[in-house]
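What follows is the residue order along each chain.
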Amino acid sequence: MNRLSLPRRPRGVAALAWPRTHIPLALAALSAALASAPASAQEVRQDLWVVRGGNVNAVAVSGNTLYFGGTFSSVEPYTGGAAPLDPVSGQVVGTPPVVEGEVFTVASDGAGGWFLGGNFTAVAGEARTGLAHVLADGSLSAWAPAVTGGDVYVMQRVGSTIYLGGSFSFVGGQFRPNAGAIDATSGAVNAWNPSASSYVTALAVSGSTVYLGGGFTTMGGQPRARLASVDATSGAVTTWNPGADNQVSEFAVSGTTLYAGGRFLNVGGAARNRLAAFDLGTGNLAAWNPDANGEIGDLLVDGALVYACGAFSTLGGAPHGRLAAIDAVTGVATTWDPNANFNVDAIAKLGNDVYAGGAFDTIGGGTIRVLAKVDATTALVDPTWNPDPGLAVFSLATDGNVIYAGGDFFTIGGVKRNRLAAIDLVTGRATDWDPGASSTVYSMVVEGNDVYVGGLFTTIGGAARNRIAAIDATTGAATAWDPNSNSAVRALLWNDGTLYAAGAFTSIGGQTRNRLAALDPVTGTALAWNPSANNQVYGLAAAGGMIYAGGNFTTVGGVAHQRLAEIDAATGVASAWAPSANFNVNTVAVANGKVYAGGLFSTINGVARANLAAIEIATGDVTSWDPSPDWNIASLRTLGGFVYVGGGYQNIAGVAQEGVARFDPATDLLDDWRPDANWDVNDIALQGNTIFIGGLFNDVGGAFRDHLAAITIPGGATSVDPIVAAGGSGLRLGAPWPSPARNRSTVSLELPRSGQVTLDLFDVSGRRVASILRETPLAAGRHEIEIPLENVTTGVYFVRASAGAESVSRKVVRVP
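The structure contained in this document is the topic of the report that follows.

Reading guide: rules and limits
Within each chain, residues carry numbers counting from 1 in the order of the written sequence. Since the coordinates come from a predicted model, pLDDT governs what is reported: local features require at least 70, and pairs of side-chain atoms require 80 or more to be given and counted, while whole-chain, interface and lining totals use all residues. The side-chain figures draw on all heavy atoms in the structure; neither hydrogens nor water molecules are used. Starting at the N terminus, helices and strands are each numbered in turn, a helix being any DSSP run of H or I of at least four residues and a strand any DSSP run of E of at least two. Accessible area is worked out with a 1.4 Å probe on protein chains only. A residue is then buried under 20% of its type maximum, exposed over 50%, and partly exposed in between. Here a residue-residue contact requires only that any non-hydrogen atoms of the pair lie within 4.5 Å. For the accessible areas, the method is Shrake-Rupley and the probe is 1.4 Å, while residue cover comes only from the protein chains on display. Lining residues are defined by having an atom within 4 Å of a point belonging to a cavity or pocket. Those points lie on a 1 Å grid over the protein atoms alone, cavities being sets where a 1.4 Å probe fits but cannot get out and pockets being open sets with protein on both sides within 12 Å along at least five of seven lines. Grid points are joined across faces, edges and corners, and a volume is the space filled by probe spheres set on the points. Residue classes follow a fixed rule: Ala, Val, Leu, Ile, Met, Phe, Trp, Tyr, Cys and Pro count as nonpolar, while Asp, Glu, Lys and Arg count as charged, and any other residue, Gly among them, counts as polar. Strand pairing is assigned whenever DSSP detects at least two bridges linking the two strands. Angles here are taken between N-to-C directions and fall from 0 to 180 degrees, while the axes themselves are lines fitted to C-alpha atoms, restricted in helices to the stretch in contact. Side-chain atoms within 4.5 Å are what join buried Ala, Val, Leu, Ile, Met, Phe, Trp, Tyr and Cys residues into a set we call a nonpolar core. Only residues whose relative accessible area exceeds 30% and that form no salt bridge enter a patch; like-charged residues are grouped when within 9 Å of one another, and nonpolar side chains (Val, Leu, Ile, Met, Phe, Trp, Tyr) when within 5 Å. Salt bridges, as used here, are contacts in which a Lys or Arg side-chain nitrogen is within 4 Å of a carboxyl oxygen on Asp or Glu.

Description of the overall build of the chain
Here comes step 1: Along the backbone of the chain there are one helix and 76 strands.
Here comes step 2: Here the C-alpha coordinates of the chain stretch approximately 95 × 65 × 40 Å along the principal axes.
Here comes step 3: Going through the 816 residues of the chain one by one, you find that 57% of them count as buried.
Here comes step 4: Excluding contacts between residues fewer than 6 apart, the proportion of contacts in the chain whose partners are at least 24 apart in sequence is 44%.
Here comes step 5: Accessible surface computed for the chain: about 28,200 Å², of which carbon and sulfur atoms make up 50%.

Next comes the structure, spelled out in structure tokens:
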């Protein structure tokens, strides 16, 4: 939203329209608490930078670096509605706390920190309603005087007092209609209570007087049409009463002059189009009359000039595109005209640079959006300073060291990265690694100091490379390795010193290779391995000397293989193993003697299997496992003892679970790990106890995560072997008795320590059919738990108990 349109007017009045095509999907998810976590023990890392301008298709981890590729154009910190920016680079300074909501006003605390006001509910995961104090080190202070009943639009700190204006009713629990004052240290509410009849959008303190402007018609019970002044200590209304015919939005004070801007056309009994000035000594209206043809958003006095911004296109009849410098005495606008194409809501000045924020898409003839740095002499925009908040900036302030921006945005101050980037996992920030691919990246593998990349690009790492390349992991430059694929490379697999490639190509490594190839990792030449698929290959996996391929092919090596094939890793000859999928297989993985296949198919070998299936390697038969996700599977990974499943589904194994899930390959039972990504998950990687996912999502576990997320699993990401767990010193689950059983069975559960326990009943397809305990607190020791069976059909089931990072399963049979 635009500050000129909504926060600066009474609630309920429609906002002016402006382009919102860049708003990310599912923004409603941002209302969830930042620190919230799904049912299973996990934490979504909040300091990890996110991506904008496209999705993530591939992720890979090496040491303390996360590499990723896709279609994105920038990598940025998730800040929420406010952040400090470096005035030279435009990047975020430090790691500011995430503000969940809009910030309309910012004021320095005089010690390197900042007071924030607006329409927000949480900062750094802590409840803060409308007001917050961020310390110099970027941490959130305990200062928390909640504002309720509306928003804070404007504030000014004077010594130890902060004066507020807005549309609120209460400050710190005290009735303070639309204006109030708070102790800057303790947060205690002062007795100061001017009592405005409607919203306050302008506030300035001069000596012992506070000037207020807005949409009110009375102040302290006395008639005051949108302009008033009150005593700074008592709040008593003074006799000053010029009156304005419409909203007063902004003030700026210089010496004995009060400059005012807003929507008014008449003020102090005289015609003044949206800009006016008053003599503070006499209270009289001055002759100063710049004559703006549109609303004023902000004012800033700097020496002999008054900078004004807003929605105007002319001043004094001369063109001025929403930002201007006006002579402080004569009211005549100078020729300085950066010319923004849409509203400018906020200005700040540092040195010889004017910083402008708003909702514009171009300024100074360039495509710098929303926030720009303009030379105060030449009006030229600095093209290198481009924090790109994406939505709107409502407030700018400076303490001489940083530019603090507040507004309606989620990310700000990152770095431009074309389709390839890396993040330092220690700091969570983007590294300097910047290969810059010319088009989509689909896949990547990190081996040693080389990052192998496949996709649709024709240049990468500063060199011409057709669709496949090796990038130096340190410098970001393309190495000499150049297989030169003639079409898309969709999947890469490192196996036993060889790089296998799959995609849509018919030539790669200097040889004819139809959609499958093995490449020398040193020379880039194609090896003799030549399975030759007749259509695209999308996924690869390796196990037991075999390469497993999934795609849209129907033959491999001239032999019928319907979208799945097993190929000898040495000879390139496809085996007789030939499960038949009726539509695309996008991804494959191998675990526990089974090939897991995911895609958009509905049958394999004629057996109904929606999008996900497991096939026995020994026989080629489809197993009974049938999780039936309700949409596409894009990624399968066998990591840390689990099979991870990423895609665009909302339900899997009979459970409402979105985007990513994991199964125990020994039992094929769905694990309780539930990050819930709200859109497609395209790739998954693991390091230690952290899972990294990339895709199209912008919410993971109720936390805003734009296309990239790191999810920490306390206690580790590896599963507990059921036999070891049953007989070891940890969680123990006895065999159900009786089994077979008709209506009831019982299991004994032993806990080495007290904790929360989940106990579920699954069928052989991995579907949860009954939830017996759900994170139920139990004391250490032995517990007898009854398993109800009367509501399930006859057959084989599994009882699974989970506590912390441990889980164990037992089979139970139900008979008629």
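So, next bit.
Let's talk about the layout of surface pockets
Here comes step 1: Approximately 1,100 Å³ is the volume attributed to the largest pocket.
Here comes step 2: S443, L492, S635, R637 and D683 are the residues nearest the centre of the largest pocket, which is lined by 40 residues in total.
Here comes step 3: When contributions to the lining of the largest pocket are tallied by element, the ones reaching two or more residues are β3 (56-62), β39 (441-447), β44 (489-495), β49 (537-543), β54 (585-591), β59 (633-639) and β65 (681-687).
Here comes step 4: Of the residues assigned to the lining of the largest pocket, the class counts are 26 nonpolar, 10 polar and four charged.
Here comes step 5: Taken as a whole, the second largest pocket encloses approximately 840 Å³ of empty space.
Here comes step 6: Mapped by element, the contributors of at least two residues to the lining of the second largest pocket are β7 (99-108), β12 (152-158), β17 (200-206), β22 (248-254), β27 (296-302), β32 (344-350) and β35 (392-398).
Here comes step 7: Its residues assigned to classes, the lining of the second largest pocket shows 22 nonpolar, seven polar and six charged.

Description of the sheet that holds strand β45 (residues 498-503)
Here comes step 1: Reading across the sheet, the three strands line up as β44-β45-β48 and stay open at both edges, with antiparallel pairing between neighbours. Edge positions in the sheet fall to β44 and β48 (516-519), since each has one partner strand and no second. Looking at each pair of strands side by side, their axes are set apart by 20 degrees on average, direction ignored.
Here comes step 2: Bridging between β44 and β45 involves six bridges; their strand directions are antiparallel. Counterpart to N495 in the pairing with β45 is T498.

A short note on the nonpolar core
Here comes step 1: Counting residues in each nonpolar core, the largest one holds 22 residues, and the members touching the most others are L749, L759 and L761.
Here comes step 2: For this core, the secondary structure elements donating two or more residues are β71 (744-751), β72 (755-763), β73 (768-778), β74 (781-788), β75 (795-803) and β76 (806-814).
Here comes step 3: With four residues, the top contributor of residues to this core is β75.
Here comes step 4: With near-sequence residues (within four places) excluded, L749 lies in contact with L731, R732, L733, V757, L778, G781, R782, H783, I785 and A801.
Here comes step 5: Counting residues in each nonpolar core, the second largest holds 20 residues, with Y596, W625, I633 and F762 among its members.

Examining the sheet that holds β76
Here comes step 1: With respect to topology, four strands assemble into an open sheet ordered β73-β72-β75-β76, the strand pairing being antiparallel. This sheet does not close on itself; its edge strands, each paired only once, are β73 and β76. Each adjacent strand pair in this sheet contributes to an overall mean axis angle of 15 degrees, direction not counted.
Here comes step 2: Bridge analysis of β72 against β73 gives seven bridges, and the strand direction is antiparallel. The residue of β73 that forms the bridge with V757 is T776.

Quick look at a nonpolar patch on the surface
Here comes step 1: A surface patch of nonpolar side chains, amounting to about 300 Å² of accessible area, comprises F583, L600 and W631.
Here comes step 2: Summarising the element assignment, W631 is placed in the loop between β58 (612-616) and β59.
Here comes step 3: When its relative accessible area of 48% is taken as the criterion, W631 is described as partly exposed.

Concerning unusual backbone geometry
Here comes step 1: For the bond from S739 to P740, the omega torsion is 5 degrees, close enough to zero to count as cis.
Here comes step 2: Checked against the element boundaries, P740 lands in the loop between β70 (732-733) and β71.
Here comes step 3: A positive phi angle is found at H707, which is not glycine, with a value near 75 degrees.
Here comes step 4: Within the element layout of this structure, H707 appears in the loop between β68 (703-704) and β69 (708-712).

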